[in-house]
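Tertiary structure, described
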Amino acid sequence: MQTQPKASHFINGEYVEDTAGTPIEVIYAATGEKIAQVYSATPAIVEQALDAARAAWPAWAAMSGTERGRILRRAADMIRDRNHELSVLETYDTGKPYQETIAVDATSGADALEYFGGMAATLTGEHIQLGDDWVYTRREALGVCVGIGAWNYPTQIACWKGAPALACGNSLVFKPSETTPLCALKVAEILVEAGLPKGIYNVIQGLGDVGAALVTDDRVDKVSLTGSVPTGRKVYAAAAAGIKHVTMELGGKSPMIVFEDADIENAVSGAILGNFYSSGQVCSNGTRVFVHKDIKEAFLKRLSERLATAVIGDPQDPDTNFGPVVSERQMDIVLGYIEKGQAEGARLVYGGKRLDRDGFYLEPTVFADVKDDMTIAREEIFGPVMAVLDFEDEADVMKRANDTEFGLAAGVFTNDLTRAHRVAAGFEAGTCFINSYNDAPVEAPFGGSKNSGVGRENSKAAIEHYSQLKSVYVRMGDVEAPF
Ligand code: NAD
């Protein structure tokens, strides 16, 4: 497979190169080998991308929603047709197993393009009658949007930001994570092939400085970031200086509560999905697993048995279901947390080591007897490390579950119907699960509360974050003035 892209950037409908930028090496996490190289955007590239996006959006916004939507839906179909090729690339970009990428990444990007493509024609204002006079509202595009991505879901993030932005008539300049620069270029290529006018969806590469240059530019009307809380603070502050619209999809340390009456097999499945899918590199993961003390040992035993069946290996092999973490740097960060967990007295129940093979492989790792104040229970690790904490009382566990700066997601496993809804209502989190974990259908709003973010992606809610209302007052009679 050809992993080296034609050029680093995609601007105004075509690939663009500028080798004066800092080289960014793309390393395959499964081997540690370099598989491509791109160049960080120079100021000239940033300029080119923003100029293209600025020039293109008014004509795009002026098209009917039906026409815009048709292009997005065509792109969705093309992504589905090329799912295999895109999934292989996603696996090279991230190291995530093909078994996952074929099921989740490009397909969820296609879902977003299809959903928002379908919605584009339905976006309208309203009519407000005021006696003989009336007000009508126009739902208008914001203008130029900037999307900045994290490295865990490069295709999905490129689509989740692009689809609603474009459906609402905006243009987008997307900067992927410097760790995974390859997939968004393919999304841009496909959109243009589907008929998207030039300059509406642009991709430029770079590190934080390129992101910062985009966020502070006067031509930009909206910034949507997927990243960590510290980056979110910086980007939010920079956007605030220009009074720009923002969506912040940030990190988490989400709780999952397993009550004594839960179906243990399902709870273990939820805990596996919420801690080890994508080698634990999922923002909404339920990494603080509170298990009722009556079922704790049964839960840990079943969890360990099931973890032993994980197929760890070449991520391109369809049988592999657990791959490496994205980079050496991330692996070292996670190993640091595992060391801290042990040093602070948590009981290592499973895993804990780097695997003796090339690439950045870690064992799925489980700590039990974790206490609320331990580092591994407070900080986002973003790797395959689960912390199991004991509890006995619902009110007490709710207090502990919510005692965090984060508020991205939360889950509860119980067979008590009223308790399930009471607990979901009590969670201080944007996205909650009852007897499930980490489902993210495009039809449902996704996002965080507290420090985990502002705004929502997906669903009808995203429209509010990519468009604005203009009120037009219409007087039918004479205008009365005091003098
Ligand atoms: P990160 O915060 O290090 O980087 C995110 C992006 O921001 C990158 O593209 C980076 O280049 C850019 N960036 C860095 N500094 C910047 C600055 N000053 N101005 C503008 N852009 C800047 O995050 P990461 O390590 O790539 O990803 C992991 C984090 O992302 C985790 O915290 C995870 O929880 C979070 N995440 C959140 C969601 C969500 O939807 N809530 C989804 C995926 C990942």
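Calculation criteria
- Residues numbered from 1 in each chain as written.
- Predicted model: local features only at pLDDT ≥ 70, side-chain atom pairs only at ≥ 80, totals over all residues.
- Heavy atoms only, no water.
- Phe/Tyr/Trp six-rings, centres within 6.5 Å; stacked < 30°, edge-to-face > 60°.
- Helix = DSSP H or I, 4+ residues; strand = E, 2+ residues; numbered from the N terminus.
- Near = heavy atom within 4 Å.
- Polar contact = N/O pair within 3.5 Å; in protein donor to acceptor, adjacent residues only side chain to side chain.
- Areas by Shrake-Rupley, 256 points an atom, 1.4 Å probe, with all protein chains shown as cover.
- Patch = residues over 30% accessible without salt bridge, like charges linked within 9 Å, V, L, I, M, F, W, Y side chains within 5 Å.
- Salt bridge = Lys/Arg side-chain N within 4 Å of Asp/Glu carboxyl O.
- 1 Å grid on protein atoms, 1.4 Å probe; cavity = no way out; pocket = protein on both sides within 12 Å on 5 of 7 lines; lining within 4 Å.
- Points joined across faces, edges and corners; volume = space filled by probe spheres on them.
- Nonpolar A, V, L, I, M, F, W, Y, C, P; charged D, E, K, R; others polar.
- Axes fitted to C-alpha atoms, helices over the stretch in contact; angles between N-to-C directions.
- Parallel < 35°, antiparallel > 145°, perpendicular 65-115°, else oblique.
- Left-handed = near helix turned anticlockwise from the far one by under 90°.
- Contact = heavy atoms within 4.5 Å.
- Pairing = 2+ DSSP bridges.
- Core = buried A, V, L, I, M, F, W, Y, C linked by side-chain atoms within 4.5 Å.
- Buried < 20%, exposed > 50% of the residue type's maximum accessible area, 1.4 Å probe, protein only.

A closer look at the packing of aromatic side chains
- The full count for this structure, using the stated rule, is seven aromatic pairs.
- A ring pair is formed by Trp151 and Phe382, whose centres lie 5.1 Å apart and whose planes are at 70°; its orientation type is edge-to-face. One end of the pair, Trp151, is in the loop between β7 (144-148) and α5 (154-167); the other, Phe382, is in the loop between α12 (375-378) and β16 (385-391), and 231 residues separate them in sequence.
- A ring pair is formed by Trp160 and Phe446, whose centres lie 6.0 Å apart and whose planes are at 65°; its orientation type is edge-to-face.

Topic: the site of the ligand
- Neighbouring the ligand are 28 residues, the closest being Gly149, Glu178, Ser228, Thr231 and Glu380.
- In the environment of the ligand, an oxygen atom lies 2.7 Å from a nitrogen or oxygen atom belonging to the backbone of Gly149.
- In this structure, an oxygen atom belonging to the ligand sits 3.2 Å away from a side-chain N or O atom of Glu249.
- Notes on the ligand: free accessible area 850 Å², of which the protein chains cover 87%.
- Contributions of two or more residues to the shell around the ligand are made by α7 (208-215), β10 (222-226) and α8 (229-241).

A few points about a nonpolar patch on the surface
- On the surface, a nonpolar cluster with roughly 260 Å² of combined accessible area is contributed by Ile128, Leu130 and Tyr473.
- Within the secondary structure, Ile128 sits in strand β5 (residues 127-130).

Some details on empty space enclosed by the protein
- Tallied over the entire structure, the rule returns two cavities of 30 Å³ or more.
- One number sums up the size of the largest cavity: a volume of about 70 Å³.
- Around the largest cavity sit Gly252, Lys253, Gly280, Val282, Cys283, Asn285, Thr287, Glu380, Ile381, Phe382 and Gly383, which together line it.
- Of the residues belonging to the lining of the largest cavity, the class tally is four nonpolar, five polar and two charged.
- A volume near 50 Å³ is recorded for the second largest cavity.
- Lining the second largest cavity are 13 residues, and of these Pro255, Phe406, Gly407, Ala409 and Glu428 lie nearest its centre.
- Of the residues assigned to the lining of the second largest cavity, the class counts are six nonpolar, four polar and three charged.

Some thoughts on the packing of helix α2 (residues 65-81) against helix α4 (residues 98-120)
- Contact pair α2 / α4: the axes reach a minimum separation of 7 Å and the direction vectors enclose 160°. By the angle class used here, α2 and α4 are roughly antiparallel. Taken as a pair, α2 and α4 cross one another with a handedness that is left-handed. Together, Gly65, Gly69, Leu72, Arg73, Ala75, Ala76, Ile79 and Arg80 of α2 and Ala106, Thr107, Ala110, Asp111, Leu113, Glu114, Phe116, Gly117, Gly118 and Ala120 of α4 make up the contact between the two elements.
- Taken together, the residues of the contact of α2 with α4 sort by class into nine nonpolar, five polar and four charged.

Focus on the sheet that holds strand β13 (residues 288-292)
- Spatially, seven strands are ordered β14-β15-β16-β13-β12-β17-β18 in an open sheet, and the strand pairing comes out mixed. Two strands close off the open sheet at either side, each with one partner strand: β14 (347-350) and β18 (431-434). Between one strand axis and the next, the sheet turns through 20° on average, direction left out of account.
- Sheet topology note: the strand β15 (residues 365-368)/β16 ladder contains three bridges and is parallel. Counterpart to Phe367 in the pairing with β16 is Ala387.
- Relative to β16, helix α9 (residues 264-276) is tilted by about 135°, and along the sheet it contacts β12 (255-258), β13, β15, β16 and β17 (409-413).

Quick look at the sheet that holds β5
- Spatial ordering of the open sheet is given by β5-β6-β20, a layout of three strands whose pairing is antiparallel. The sheet is open, and its two borders are formed by β5 and β20 (467-474), each paired with just one other strand. Looking at each pair of strands side by side, their axes are set apart by 20° on average, direction ignored.

Some details on the nonpolar core
- With 51 residues, the main nonpolar core has Ile79, Leu113, Phe116, Leu166, Leu191, Leu196 and Tyr201 as its most contacted residues.
- Of all the secondary-structure elements, those providing two or more residues to this core are α1 (43-62), α2, α4, α5, β8 (171-175), α6 (183-193), β9 (201-203) and α15 (461-466).
- Leaving out residues up to four positions away in the same chain, Ile79 has contacts with Leu86, Ala106, Ala110, Leu113, Cys159 and Ile190.
- Counting 30 residues, the second largest nonpolar core, distinct from the first, contains Ala29, Phe290, Ala346 and Met374.

Let's talk about the pattern of salt bridges
- Using the criterion set out here, one finds 35 salt bridges in the structure.
- A salt bridge links Lys34 to Glu25, with the nearest nitrogen and oxygen atoms 3.7 Å apart.
- The class of Lys34 is partly exposed, set by a relative accessible area of 45%.
- Residue Glu189 is joined to Lys186 by a salt bridge in which the shortest nitrogen-to-oxygen separation is 3.4 Å. Linking Glu189 with Lys186, this pair stays in helix α6, spanning three residues, or about one helical turn.
- By relative accessible area, which is 17% here, Glu189 ends up buried.
- When its relative accessible area of 22% is taken as the criterion, Lys186 is described as partly exposed.

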